[in-house]
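Letter by letter, the chains look like this.
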Amino acid sequence: RAARHQADRRRGVRAARADHGRVDILHHDRRDLRQNGGQAQPPDLPQPRQERLEISCSHGVSFSAKKRRRCCAALLLAAGEYNIGRLPLHLCAMAVYICALHAWRGGALTGQFLYAFCMPGAVFALIFPDWGYYPALHFMSASSFVIHGLIVTYVVMQVAARDIVPDVKKCPQCLGLMLALALPVYIFDRITGTNYMFLNWPSPGSPLEWFAFLGSPGFVLGYLPILAAVWAVMYYPFRRTGENKKQ
């Protein structure tokens, strides 16, 4: 009877060890299972699919991190560039909205102002850019050339389509509108020390520097002969438009 009891105890220990082994097989770490030749798999998820999920999740985390870094870079760029000196108070910045207004609602005076002031201003900005302190491949350089080029393109296309018919008789009205826009901008420049519309000091390298000896704001008088010469060239091809209207 003692021998039988001892044999039963041995069989119970072996059974417990076997049960413990089965538990280990089911719940052991997946890395240890791979060491055994990859025979055992977690019962709820096959190994290949689990690996694909891990790879996709890791890529998702990486993609989110990249997006966060790009957003932070964009915010830092905005914080460094778009300050009080980056408000849309330059004539060409206003021209973007005037072009949109003209495309939406039209308007004779709006079209005449685009031709009389916005287009020559954009052309002068392309010839004498004031963003030359940026590298050639900088975003601000590229966007400035593109925006000013689009302003010129829009006005030229409207003139070619006869949606804008330049009329020299509308120049006094356009000049009055320009003065109405420039006066509050000049006051803002004097208060904040900015140079919107180049009313505080001449743009470097531009013809306005020829009149720098007049001081500030005296050099602003240089706009008058420059504007007269530009208008003479711009309106000369359309001199017959007024004659046709008279007839």
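Caption draft 1: Region of interest: a nonpolar patch on the surface. Nonpolar side chains collect at one region of the surface, where F213, L214, L221 and L224 lie side by side and expose about 460 Å² of accessible area between them. Considering the arrangement of structural elements, one finds L221 in the loop between α7 (171-192) and α8 (223-235). The exposure class of L221 is exposed, given its relative accessible area of 56%.

Caption draft 2: Region of the structure containing the packing of helix α5 (residues 108-127) against α8. Across the interface, α5 lies against α8 with an axial gap of 11 Å and an inter-helix angle of 110°. It follows from the interaxial angle that α5 and α8 lie roughly perpendicular. Every pair of crossing elements has a handedness; the one defined by α5 and α8 is right-handed. Side by side, α5 and α8 meet where Q112, Y115, A116, F117, M119, P120 and F124 of the first sit next to I226, L227, V230, W231, M234 and Y235 of the second.

Caption draft 3: Molecular detail of unusual backbone geometry. For the bond running from S216 to P217, omega is 10°, close enough to zero to count as cis. Of note in this structure, R162 is not a glycine but carries a positive phi near 65°. With respect to the helices, strands and loops of the structure, R162 is situated in the loop between α6 (139-160) and α7. At F198, a position not held by glycine, the phi torsion is positive, near 55°. Within the element layout of this structure, F198 appears in the loop between α7 and α8.

Caption draft 4: Seen up close, the packing of aromatic side chains. Applying the stated rule across the entire model yields 8 aromatic pairs. With a centroid separation of 5.8 Å and 85° between ring planes, the pair formed by Y115 and F238 is classed as edge-to-face. Here Y115 is found in helix α5, whereas its partner F238 is found in the loop between α8 and α9 (239-246), with 123 residues between them in sequence. Considered together, Y115 and F238 belong to a single accessibility category, that of buried residues. Through a chain of ring-to-ring contacts, three or more aromatic side chains come together here, namely F113, Y115, F117, W231, Y235 and F238. Sitting over the ring of W104, R105 keeps its end group 5.7 Å from the ring centre. Seen from the ring of Y236, R239 lies directly overhead, with NZ or CZ sitting 4.1 Å from the centre.

Caption draft 5: Molecular detail of the confidence of the model for the protein. The predicted model of the protein averages 78 in pLDDT, with 65% of residues at 70 or higher. Throughout residues 18-63 the model reports pLDDT below 50, and contacts reaching past four residues in sequence, or to other chains, amount to 18 contacts.

Caption draft 6: Fine view of the environment of T153. In this fold, T153 is placed in helix α6. Judged by relative accessible area, which is 39%, T153 ranks as partly exposed. Distance in space between the C-alpha atoms of T153 and M119 is 8.8 Å, their sequence separation being 34 residues.

Caption draft 7: Inspection of α5 at higher detail. Its 20 residues place the ends of α5 28 Å apart at the C-alpha level, agreeing with the 28 Å of an ideal helix rising 1.5 Å per residue. Largest kink in α5: about 40°, centred on L114.

Caption draft 8: Layout of the nonpolar core. In this structure, F113, L114, Y115, F117 and W231 are the most contacted members of the largest nonpolar core, which totals 42 residues. Of all the secondary-structure elements, those providing two or more residues to this core are α4 (91-105), α5, α6, α7 and α8. In terms of residues, this core owes the most to one element, α5, which gives 9 residues. Setting aside residues no more than four positions away along its own chain, F113 makes contact with L91, I98, C118, C174, L177, M178 and L181.

Caption draft 9: Just the packing of α4 against α5, in detail. At a minimum axis distance of 10 Å, the contact between α4 and α5 shows a crossing angle of 140°. Pair α4 / α5 crosses with left-handed handedness. Across from L91, C92, A95, I98, C99 and H102 in α4, the residues of α5 making contact are T110, G111, F113, L114, F117, C118, G121, A122 and A125. Residue composition of the contact of α4 with α5, by class: 11 nonpolar, 4 polar and no charged.

Criteria and thresholds
Residues numbered from 1 in each chain as written. Predicted model: local features only at pLDDT ≥ 70, side-chain atom pairs only at ≥ 80, totals over all residues. Heavy atoms only, no water. Patch = residues over 30% accessible without salt bridge, like charges linked within 9 Å, V, L, I, M, F, W, Y side chains within 5 Å. Areas by Shrake-Rupley, 256 points an atom, 1.4 Å probe, with all protein chains shown as cover. Salt bridge = Lys/Arg side-chain N within 4 Å of Asp/Glu carboxyl O. Helix = DSSP H or I, 4+ residues; strand = E, 2+ residues; numbered from the N terminus. Buried < 20%, exposed > 50% of the residue type's maximum accessible area, 1.4 Å probe, protein only. Axes fitted to C-alpha atoms, helices over the stretch in contact; angles between N-to-C directions. Parallel < 35°, antiparallel > 145°, perpendicular 65-115°, else oblique. Left-handed = near helix turned anticlockwise from the far one by under 90°. Contact = heavy atoms within 4.5 Å. Phe/Tyr/Trp six-rings, centres within 6.5 Å; stacked < 30°, edge-to-face > 60°. Lys NZ or Arg CZ within 6 Å of the ring centre and 35° of its normal. pLDDT = per-residue confidence, 0-100. Expected span 1.5 Å × (residues − 1). Bend = angle between axes of the 7 residues up to and from the residue. Core = buried A, V, L, I, M, F, W, Y, C linked by side-chain atoms within 4.5 Å. Nonpolar A, V, L, I, M, F, W, Y, C, P; charged D, E, K, R; others polar.

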